[in-house]
Amino acid sequence: MGKPDAGLDKERRAFIKKVLNGTVAGSLLLVIPMPIGAATPEIKEQIPGIRGKKWDMAHKRFAFIVDITLCIGCGSCCVADRLEYNVPAGYYRTWVERYLKDFNDNVYVDSPNGGFDGYQTPRADIDVEVRDTFFVPKLCNMCKEPPCVQVCPVGATFKTPDGFILVDAARCVGCAYCIQACPYSSRYLDPFTRTAEKCTWCYHRVRKGLLPICVNVCPTKARKFGDLNDKNSEVYKLLHEHEVLTVLKKDMGTYPALYYKGLRREVV
Amino acid sequence: MKSTYNSHIKRIVLGLVVFAVLGFVGKIVMTPKSFGKYGPYRADAIDEEANREIRHGTNASCLSCHPNEANMHLTGLHKTISCEFCHGPYADHIKDGKVYGKLPVKTKEEIKVLCLRCHNRAIQARPGEVIKTVIMPEHLEKQKVKVSHTCDQCHQVHAPLKHINRAKEIVGAKEKIDG
C-alpha cells in the first residue's frame, strides 16, 4: 500500500500548492487596482500602442473611414453592434442604408430594420430601372463641433478630450434635445433606461486597444478605424493620400471625424 | 426684533446672506464628484464608459481554442468573416476564462439565409470585384444539383471552396477554382 499512497500524497501536495497559488494570485488581483485593459489579456491588441501605456487624454486623435465602394450590405456591423450593447429592437446605433438611382436621377432610399436582417430581396415597392445602387453605413460622426453636446441642458452628453462624444447615463434626463439636434439622426432614446443613447465608436474597446466592433466584423474591410497620430495606420494613410473622402452635411459646420470614401452627392 | 430706522436693511442683508450660504452649500452638495475636471460634465463618466463589458472578442480569441476551425477558416476565402457574426458574441460563450454557454451552430435554411446576406446577386448594389454573387435557384440548376440543396452541402461554410477543390483533385480535373 506504500506506493499508491505516496502517489496520492504527491497529487495532494500539488493540489494544495495549486489552490494556494490560486488564492494568493486571486487576492492580489483584488488588492492591486487593475489598469483598464489588463482584464482582457486573452484578446490580441488590434490598435497598436494603446495597451500598457497611460491613456493620454489630450493627445489622442481617431478617425473613422467608411469605404462605400466596398460595402456589400451584409449587416454584420448592425448585428454585432446590437449584441455588443444589447440595443433594444427598433433602435440603432449604427445602420446601413440602401440607395437606388434610376435613369431620371430620382433617388430612393430604404433601410429595412436598419439593415439588421441584411438585404435579402430587391426593393419590391418601386418599379424603375436601376442605374446605380449602393449601400451607405451610418453611425455617429463624432463631430469636432457636436450640436448634441451644445444643447444638452445637464451635461450628460459631452466631448471627451480624446475626441469621443459620450453619454453619461447617470446624468441624462431623457429630454431628447440631442436627438433633435443631431443632423445625422444617430441618437435614440432608449425605451428602457430613458437615456439618449448613441454610438460611441466602441470607446470601451478602443481604450483597450481593440477595434470598434463594427470594424472588427466587417468582412470586406469597408469600415476602417485608426489613430491619426500613428503614421502607419490605414486611416492616416488614406487621409493623407489623394483619396476622394467626404463628410456628411459639411455645411452644418459640425466637422465630423467620420469620412466616407467614394461617396455620391445624393447621400445625406 | 424691535422696529428701528434700519431694521428693513438688516432683514434684506440677512436674507441675502442666507440665500448665498444655502446656494453655496447646495452647489457643493449637489454637484457630482469630478464634475468640471475636463469640462461641464462628470469626468468619471469617461472611465465608466471605458469599463463597459466587452462582449465581442476577435477571431483570434475564438480560434485560439478551436484549432480545427482555425485551420479551415484561416486558409479559406471566408477568413475575413467574423466568427461572432454567425455564432454570436464571445461573452455569451466564455466568462472569466471558462466556458459559460453554448453558442448556436446554424443549420440548413439558416445557413442559406446567412450566405445570401452577402452572396445574393439580386441585390445589385454588391460590386462584383468585392464579392462573388449568385442568383439562387439558377446557381443550383447550373451546378446540376437539386433546387432543395442548401449551400453547405457543397460549400464548407468556413472555407467555401475546400471540398469543391478537393473533389476536383480526386477526379483529376485540371481547372481549380481560385475565387
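Residues numbered from 1 in each chain as written. Chains lettered and ligands numbered in written order. Predicted model: local features only at pLDDT ≥ 70, side-chain atom pairs only at ≥ 80, totals over all residues.

**Q** Give me the overall build of chain B: which residues, what numbers.
**A** Each helix and strand in chain B was counted, giving eight helices and two strands. Reading chain B from its N terminus to its C terminus gives the helix and strand order α-α-α-α-α-β-β-α-α-α. For chain B, whose C-alpha radius of gyration is 33 Å, the value lies well above the compact-globule estimate of 16 Å for 179 residues. The buried share of chain B, taken over its 179 residues, is 18%. Taking as baseline every contact in chain B between residues at least 6 positions apart, the subset at least 24 positions apart corresponds to 43%. (Helix = DSSP H or I, 4+ residues; strand = E, 2+ residues; numbered from the N terminus. Rg over C-alpha atoms; globule rule 2.2 N^0.38 Å. Buried ≥ 20, exposed ≤ 12 C-beta atoms within 10 Å, placed from the backbone. Contact = placed C-beta atoms within 7 Å.)

**Q** Lay out the overall build of chain A in plain terms, naming residues and giving numbers.
**A** Within chain A, the secondary structure is distributed over seven helices and 11 strands. Within the span of chain A, comprising 268 residues, buried residues form 39% of the whole. If you take every contact in chain A between residues at least 6 apart in sequence, the share linking residues at least 24 apart comes to 64%.

**Q** Let's hear about the sheet that holds strand β9 (residues 223-227) of chain A: which residues, and what values?
**A** Residues and elements named next belong to chain A. Ordered in space as β9-β1-β11-β10, the four strands form an open sheet in which the pairing is mixed. Both outer strands of the open sheet, β9 and β10 (245-246), are each paired with one neighbouring strand and no more. The sheet contact formed by β10 and strand β11 (residues 258-261) spans two bridges and is antiparallel. The partner of Leu 245 across the bridge, within β11, is Lys 261. (Pairing = 2+ DSSP bridges.)

**Q** Requested: an account of the sheet that holds strand β4 (residues 130-138) of chain A, with residues and values cited.
**A** The pairing of strands in a sheet happens through backbone hydrogen bonds and is either parallel or antiparallel. Residues and elements named next belong to chain A. Spatial ordering of the open sheet is given by β3-β2-β4, a layout of three strands whose pairing is antiparallel. Strand pairing shows two members of the sheet lacking a second neighbour, β3 (107-110) and β4, which therefore form its edges. On average, adjacent strands in this sheet sit at an angle of 20° to one another, irrespective of strand direction. (Axes fitted to C-alpha atoms, helices over the stretch in contact; angles between N-to-C directions.)

**Q** Summarise helix α6 (residues 108-119) of chain B; cite the residues concerned and give the values.
**A** Residues and elements named next belong to chain B. When the terminal C-alpha atoms of α6 are compared, their 16 Å separation across 12 residues agrees well with the 16 Å that a helix rising 1.5 Å per residue should span. Leu 116, Arg 117, Cys 118 and His 119 are the residues of α6 that are buried. As for α6, its buried residues are in contact with α7 (136-142). (Expected span 1.5 Å × (residues − 1).)

**Q** Describe the interface of chain A and chain B, and please don't skip the residues or the numbers.
**A** How large an interface is tends to be reported as the accessible area lost when its parts come together. Contacts between the two partners involve 46 residues from chain A and, on the opposite side, 37 residues from chain B. At the level of secondary structure, the elements contributing two or more residues to the side of chain A that touches chain B comprise α2 (76-85), β4, α5 (203-206) and α6 (213-217) of chain A. Of the residues that constitute the side of chain A that touches chain B, the class distribution is 20 nonpolar, 16 polar and 10 charged. (Nonpolar A, V, L, I, M, F, W, Y, C, P; charged D, E, K, R; others polar.)

**Q** Requested: an account of the domain arrangement of chain B, with residues and values cited.
**A** Residue and element names in this part refer to chain B. Segmentation of chain B into domains returns domain 1 (35-104) and domain 2 (106-179). Between domain 1 and domain 2, the C-alpha centre-to-centre distance is 29 Å. It is helix α4 (residues 67-75) that contributes the most residues to the side of domain 1 that touches domain 2, four residues altogether. Broken down by class, the residue content of the side of domain 1 that touches domain 2 amounts to four nonpolar, four polar and one charged. (Domains from an automatic or database assignment.)

**Q** Break down the nonpolar core for me, citing the residues and quoting the values.
**A** In terms of nonpolar packing, the biggest core is built from 73 residues, with Phe64(A), Ala80(A), Met142(A), Leu166(A) and Trp201(A) touching the most fellow members. Among the elements that take part in this core, α2(A) stands out by supplying six residues, more than any other. (Core = buried A, V, L, I, M, F, W, Y, C linked by C-beta atoms within 7 Å.)

**Q** Kindly report on the confidence of the model for chain B, identifying the contributing residues and their values.
**A** Model confidence for chain B is summarised by a mean pLDDT of 90, while 94% of its residues fall at 70 or above. The ipTM assigned to the predicted complex is 0.85, against a pTM of 0.84. (pLDDT = per-residue confidence, 0-100.)

**Q** Describe the pairing of strand β2 (residues 95-102) of chain A, naming the residues involved and giving the relevant values.
**A** Residue and element names in this part refer to chain A. When β2 meets β4, the two strands line up antiparallel, connected through eight bridges. Paired with Val 96 across the bridge in β4 is Pro 137. The pairing of β2 with β3 spans four bridges and is classified as antiparallel. By the bridge assignment, Lys 101 is partnered in β3 with Val 107. Counting the residues in the hairpin turn of β2 and β3 gives four residues, including Asp 105, whose phi is positive at 60°.

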